[in-house]
Amino acid sequence: MGRVEGKVALITGAARGQGRSHALRLAEEGADIIAIDICDQVASADHTMGTEEDLQETVVLVEKLDRRIVAIKADVRDRSALESAVAEGVAELGRLDIVSANAGIASTGPLVGLPEQTWQDVIDIDLTGVFHTINAAVPHIVAGGRGGSIVLTSSAAGAAGVQNLGHYVAAKHGVLGLMKSLALELGPQFIRVNSVLPTNVDTPMIQNETIMKLFLPHLEHPSRADAEKPDSNYRAANVLPIPWVDPVDISNAVLYLASDESRYVTGITLPVDAGFLIK
């Protein structure tokens, strides 16, 4: 039996990156998947975003694992659309046990003078989008009467300050506040709520020139090869001498928190940060 055999997991931001990785890892261990993604570009984001083709590729990969998947295009900023999408997925798959509130964007710039829309997009997606996901999902978990597990994706930046990412830092700190309050509110119904705190993860969110210039400002056009050099600021940010972790490293943490192995674990922050937070 898989570690989440027979359960259904909702994942936002599932078209690619960490979200796709979470979908595949949970499917490998027996879960059916409700995969939601905006499948569109937010203009203020400093990275490309997933597409409908990417989301369809997630479907193909999950089905290759002989698991069921319902994939729906929806924006976590739109509470009613998200509620409809989750309800559709639950109606088809029959239940909801696990939530991975993973959808997020990043952009850069000093807080003083940051464009209003740049601030608002990050807050609306990375924080309010988590609030919307919870509200769309929790009634279905409660209706099942079996308890469940909610995993909120924060960041190592959710527990530290980072220059030129202040709006992202604020949103990810807010996610931890949501997690702790929800753990208290939902615990009596055996719904556990925890958060993962990744360091840099090898996804398109960081594999782009704009984000790389935060770590390598002395280079006009920094590249992946520059970031991987032994003396790179990417490596220096972590205790373990690596520039980033792989998406599956975060997925393994999500799987642990989703499974019965952590059945009495709630209200925690689980860093997968190569030592970033103790540096």
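Enquirer: Hey, could you run me through the overall build of the chain in this one?
Expert: Helices and strands together make up the secondary structure of the chain, namely nine helices and seven strands. For 279 residues, the compact-globule formula gives about 19 Å, and the C-alpha radius of gyration of the chain, at 18 Å, lands near that figure. Each of the 279 residues in the chain was classed as buried or not, and the buried ones make up 54%. A separation of at least 24 residues holds for 71% of the contacts in the chain among residues at least 6 apart in sequence.

Enquirer: Looking at this structure, how should I read the pattern of salt bridges?
Expert: Pairing between side chains of opposite charge can happen when their charged atoms approach one another. All told, the structure shown has 15 salt bridges when counted by the stated rule. Close ionic contact of D32 with R68 constitutes a salt bridge, the shortest N to O distance being 3.0 Å. Placement of the pair is D32 in strand β2 (residues 32–37) and R68 in the loop between α2 (52–64) and β3 (69–73), with a sequence separation of 36 residues. Note on R68: relative accessible area 44%, which makes it partly exposed. The partner of E52 in a salt bridge is K73, and the shortest N-O contact between them spans 3.5 Å. In this pair, E52 is assigned in helix α2 and K73 in strand β3, connecting sequence segments 21 residues apart. On the basis of relative accessibility, which here comes to 47%, the residue E52 falls in the partly exposed class. The network of salt bridges with common partners includes R25, E28 and E29.

Enquirer: Is there a simple way to think about helix α3 (residues 79–93) in this case?
Expert: One turn of the α-helix equals 3.6 residues, which is why residues spaced by three or four share an orientation. Over its 15 residues, α3 extends 21 Å from the first C-alpha to the last, a length consistent with the 21 Å expected when each residue adds 1.5 Å. One or two steps after α3, the chain reaches G94, where phi turns positive at roughly 95°.

Enquirer: Sorry, what's going on with the nonpolar core here?
Expert: Nonpolar side chains in soluble globular proteins tend to be buried together. Counting residues in hydrophobic clusters, the biggest one holds 47 residues, and the most contacted among them are L10, I34, I36, L96, I150, L152 and V193. The residues touching I150, leaving out its near neighbours within four places in the chain, are V99, V138, I141, L186, I191, R192, V193 and N194. Ranked by size, the runner-up nonpolar core spans 20 residues in total, among them V4, A9, A35 and L255.

Enquirer: Whenever I open this one, the packing of aromatic side chains confuses me. Can you help?
Expert: A ring pair, where both rings are aromatic, is described by two values, the distance of the centres and the angle of the planes. Under the defined criterion, the tally for this structure stands at two aromatic pairs. Each ring, one from Y234 and one from W244, has its centre 5.5 Å from the other, and the planes form 75°; the classification is edge-to-face. Here Y234, found in helix α8 (residues 233–236), pairs with W244, found in the loop between α8 and α9 (247–258); they are 10 residues apart in sequence, far enough to count as distant. Grouping residues by exposure puts Y234 and W244 together as buried. In this structure an aromatic cluster arises from ring pairing among F215, Y234 and W244.

Enquirer: Please clarify how the packing of helix α1 (residues 17–28) against α9 should be interpreted in this entry.
Expert: Between two packed helices, the angle of one axis relative to the other and the distance separating the axes together describe the packing. Put simply, α1 and α9 touch, their axes get as near as 8 Å, and they point 50° apart. In terms of their interaxial angle, α1 and α9 are classed as oblique. α9 is crossed by α1, and the crossing has right-handed handedness. Within the contact between the two elements, α1 uses G17, Q18, S21, H22, R25 and L26 and α9 uses P247, V248, I250, S251, N252, V254, L255 and A258.

Enquirer: Which parts of the structure should I look at to understand the sheet that holds β2?
Expert: Hydrogen bonding along the main chain pairs the strands of a sheet, whether they run parallel or antiparallel. Spatially, β3-β2-β1-β4-β5-β6-β7 is the arrangement adopted by the seven strands of the open sheet, whose pairing is parallel. At either end of the open sheet lies a strand with only one pairing partner, and these are β3 and β7 (269–272). If you compare each strand with its neighbour and ignore which way they point, the axes differ by 15° on average. Sitting on the sheet, α2 is in contact with β2 and β3, with an inclination near 175° to β3. On the sheet, helix α5 (residues 166–186) packs against β5 (148–153), β6 (191–198) and β7 and is oriented at approximately 160° with respect to β6.

Enquirer: Would you explain the pairing of strand β4 (residues 98–101) in this entry?
Expert: Regular strands have side chains that alternate between both faces of the sheet. Residues I98 and S100 line one face of β4 and the alternating positions V99 and A101 line the opposite face, and both faces are buried. Across three bridges, the pairing between strand β1 (residues 8–12) and β4 is parallel. Within β4, the residue paired with I11 across the bridge is S100. Here β4 pairs with β5 via four bridges, running parallel. Looking at β5, one finds that A101 is bridged to L152.

Enquirer: Just checking my understanding: could you explain the side chain of R25 for this structure?
Expert: As for its position among the elements, R25 is in helix α1. Apart from the residues within four sequence positions on either side, R25 is in contact with R3, V248, S251, N252 and L255.

Enquirer: Before we go on, may I ask you to explain the environment of A14 in this structure?
Expert: Within the fold, A14 resides in the loop between β1 and α1. As a C-alpha pair, A14 and S100 span 86 residues in sequence and 9.5 Å in three-dimensional space. Dropping the residues within four chain positions of it, A14 is found in contact with G19, R20, A35, I36, D37, L55 and T58.

Reading the values: rules and limits
Residues numbered from 1 in each chain as written. Predicted model: local features only at pLDDT ≥ 70, side-chain atom pairs only at ≥ 80, totals over all residues. Heavy atoms only, no water. Helix = DSSP H or I, 4+ residues; strand = E, 2+ residues; numbered from the N terminus. Rg over C-alpha atoms; globule rule 2.2 N^0.38 Å. Buried < 20%, exposed > 50% of the residue type's maximum accessible area, 1.4 Å probe, protein only. Contact = heavy atoms within 4.5 Å. Salt bridge = Lys/Arg side-chain N within 4 Å of Asp/Glu carboxyl O. Expected span 1.5 Å × (residues − 1). Core = buried A, V, L, I, M, F, W, Y, C linked by side-chain atoms within 4.5 Å. Phe/Tyr/Trp six-rings, centres within 6.5 Å; stacked < 30°, edge-to-face > 60°. Axes fitted to C-alpha atoms, helices over the stretch in contact; angles between N-to-C directions. Parallel < 35°, antiparallel > 145°, perpendicular 65-115°, else oblique. Left-handed = near helix turned anticlockwise from the far one by under 90°. Pairing = 2+ DSSP bridges.

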